[in-house]
Amino acid sequence: MSNQRSTARSAARLAAVQALYQRDMEGTALPKLLDEFHQHRLGREIEGDTYADAEVPFFDDIVRGVDARREEIDLRLSEKLAEGWNLKRLDKTMLQVLRCGTYELIARADIPTGAIISEYIDVAKAFFDDREAKFANGVLDAVGKAARP
């Protein structure tokens, strides 16, 4: 995969986490949410931050896929959390990181497990410190082992 495509996919993953967070917090309808990100966020400058050009079809696949398979994804995640933990206890952004990573692990056989987990560790590091990134690594690794034996 070219470096430019890799960067575009990384940007799509980060944007997908942000879009799903917005959907979760504000209840934005999926078509409106996708349109807003297409028109105003992907590859644009917002409040001085320039968003990298994202691979739009890949972004759409993650957002639509997580939305369509949310119950299945949440069940898989719940099974891999430590005893005493549940999805409601997770930070809302971390939950979206884990949902997106889980979606790719179960639906995107074209992408290697290690690449998916590594990418979502990087996404987690955009929002959290190393401890939380390691948590995401552990959960996604467990999901990956179960989904891709």
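Here is what the cut-offs are and how they apply
Per chain, residue numbering runs from 1 following the sequence as it is written. In keeping with the predicted nature of the model, local features appear solely for residues at pLDDT of at least 70, side-chain atom pairs appear and are counted solely at 80 or more, and the whole-chain, interface and lining totals rest on all residues. With hydrogens and water stripped out, all remaining heavy atoms of the structure feed into the side-chain values. A run of H or I in DSSP becomes a helix once it reaches four residues, and a run of E becomes a strand once it reaches two; helices and strands are each numbered from the N terminus. In this scheme, a residue with accessible area under 20% of its type's maximum is buried, one over 50% is exposed, and one in between is partly exposed, where area comes from a 1.4 Å probe on protein chains only. Any pair of residues with heavy atoms lying within 4.5 Å of one another is described as a contacting pair. Only the protein chains shown count as cover for residues, and the accessible areas themselves come from Shrake-Rupley with a 1.4 Å probe. The set of buried Ala, Val, Leu, Ile, Met, Phe, Trp, Tyr and Cys residues whose side-chain atoms join them within 4.5 Å is what this entry labels a nonpolar core. Using a 1 Å grid laid over the protein atoms alone, points where a 1.4 Å probe fits but cannot get out form a cavity; open sets with protein on both sides within 12 Å along at least 5 of 7 lines form a pocket; any residue with an atom within 4 Å of a point counts as lining. Grid points are joined across faces, edges and corners, and a volume is the space filled by probe spheres set on the points. Polar here means any residue outside two lists: the nonpolar Ala, Val, Leu, Ile, Met, Phe, Trp, Tyr, Cys and Pro, and the charged Asp, Glu, Lys and Arg; Gly therefore counts as polar. Salt bridges are counted wherever a side-chain nitrogen of Lys or Arg sits within 4 Å of a carboxyl oxygen of Asp or Glu. Geometry is summarised by axes, namely lines fitted to C-alpha atoms with helices restricted to the contacting stretch, and by angles between N-to-C directions that run from 0 to 180 degrees. Any angle between 65 and 115 degrees counts as roughly perpendicular, while under 35 counts as roughly parallel, over 145 as roughly antiparallel, and the rest as oblique. In this scheme the crossing of two helices becomes right-handed for a clockwise turn of the near helix relative to the far one and left-handed for an anticlockwise turn of less than a right angle. One fewer than the residue count of a helix, multiplied by 1.5 Å, yields its expected span. By construction, the arc corresponds to the directions joining the helix axis to the C-beta atoms. For this analysis, a polar contact is any N or O atom pair within 3.5 Å, provided that within protein one partner can donate a hydrogen and the other can accept it, and provided that sequence-adjacent residues contribute only side-chain to side-chain pairs.

Colleague: Could you give an account of the overall build of the chain, with specific residues and numbers?
Modeller: Along its length, the chain carries seven helices and two strands. Per-residue burial over the chain gives 42% buried out of 149 residues. Residue pairs in contact within the chain that sit at least 24 positions apart in sequence constitute 69% of those at least 6 positions apart. Accessible surface, the chain: about 8,000 Å² in total, of which carbon and sulfur atoms supply 47%.

Colleague: So what's going on with the environment of Val66? Which residues, and what values?
Modeller: In this fold, Val66 is placed in helix α3 (residues 56–68). Owing to a relative accessible area of 2%, Val66 belongs among the buried residues under this scheme. If we ignore the near neighbours within four places in the chain, the residues touching Val66 are Leu20, Ile73, Arg99, Cys100 and Tyr103.

Colleague: Go over the nonpolar core with me, naming the residues and quoting the values.
Modeller: Phe59, Val63, Leu77, Leu98, Cys100 and Tyr120 are the most contacted members of the largest nonpolar core, which has 44 residues in total. Elements supplying a minimum of two residues to this core: α1 (3–26), α2 (30–41), α3, α4 (70–80), α5 (92–107), α6 (113–127) and α7 (130–147). Here the element with the most residues in this core is α5; it accounts for eight residues. Sequence-distant contacts of Leu77, defined by excluding residues within four places in its chain, comprise Leu87, Leu95, Leu98, Arg99, Thr102, Val139 and Val143.

Colleague: Please give an account of empty space enclosed by the protein that cites residues and values.
Modeller: Per the stated rule, a full pass over the model turns up one cavity of 30 Å³ or more. When its volume is computed, the largest cavity comes out at roughly 60 Å³. Forming the boundary of the largest cavity are Leu20, Arg23, Asp24, Val66, Asp67, Arg70, Gln96 and Arg99. Here the element with the most residues in the lining of the largest cavity is α1; it accounts for three residues. Its residues assigned to classes, the lining of the largest cavity comprises two nonpolar, one polar and five charged.

Colleague: Summarise the pattern of salt bridges; cite the residues concerned and give the values.
Modeller: Here the structure, examined in full by the defined rule, presents 15 salt bridges. In this structure, Arg76 and Glu72 form a salt bridge, with 3.4 Å as the shortest nitrogen-oxygen distance. Placement of the pair is Arg76 and Glu72 together in helix α4, with a separation of four residues, close to one helical turn. The partner of Arg99 in a salt bridge is Asp74, with the nearest N and O atoms 2.8 Å apart. Of this pair, Arg99 sits in helix α5 while Asp74 sits in helix α4, and the two are 25 residues apart along the sequence. Comparing Arg99 with Asp74 shows no difference in burial state: the two are buried. Overlapping salt bridges, with partners in common, bring together Asp24, Arg70, Asp74 and Arg99 in one network.

Colleague: Tell me about the packing of α4 against α7, residues and numbers included.
Modeller: Relative orientation and spacing of two packed helices are given, respectively, by the angle between their axes and the distance between those axes. Between α4 and α7, the least distance of the axes is 9 Å, while the angle of their chain directions is 115°. Here α4 lies roughly perpendicular to α7, going by the angle between them. Note on packing geometry: the crossing formed by α4 with α7 is right-handed. Two secondary-structure elements touch here, α4 through Arg76, Leu77 and Lys80 and α7 through Val139, Ala142, Val143, Ala146 and Ala147. The class makeup of the residues in the contact of α4 with α7 is six nonpolar, no polar and two charged.

Colleague: Hey, could you go over α7 for me, with residue numbers and the actual values?
Modeller: Its 18 residues place the ends of α7 25 Å apart at the C-alpha level, agreeing with the 26 Å of an ideal helix rising 1.5 Å per residue. Restricting attention to buried positions, one finds in α7 the residues Ala133, Ala136, Val139, Leu140, Val143 and Gly144. In a view along the axis of α7, the buried residues occupy a sector of 140°, so they form one face of it. Looking at α7, the residues exposed on the side facing more than 90 degrees away from the buried face are Arg131, Lys134 and Lys145. Each element contacted by the buried residues of α7 is listed here: α4, α5 and α6. Its side-chain oxygen 3.0 Å from the backbone nitrogen of Arg131, Asp129 forms the N-cap of α7.

Note that every value here comes from positions in space, so none of it alone points to a role or purpose.
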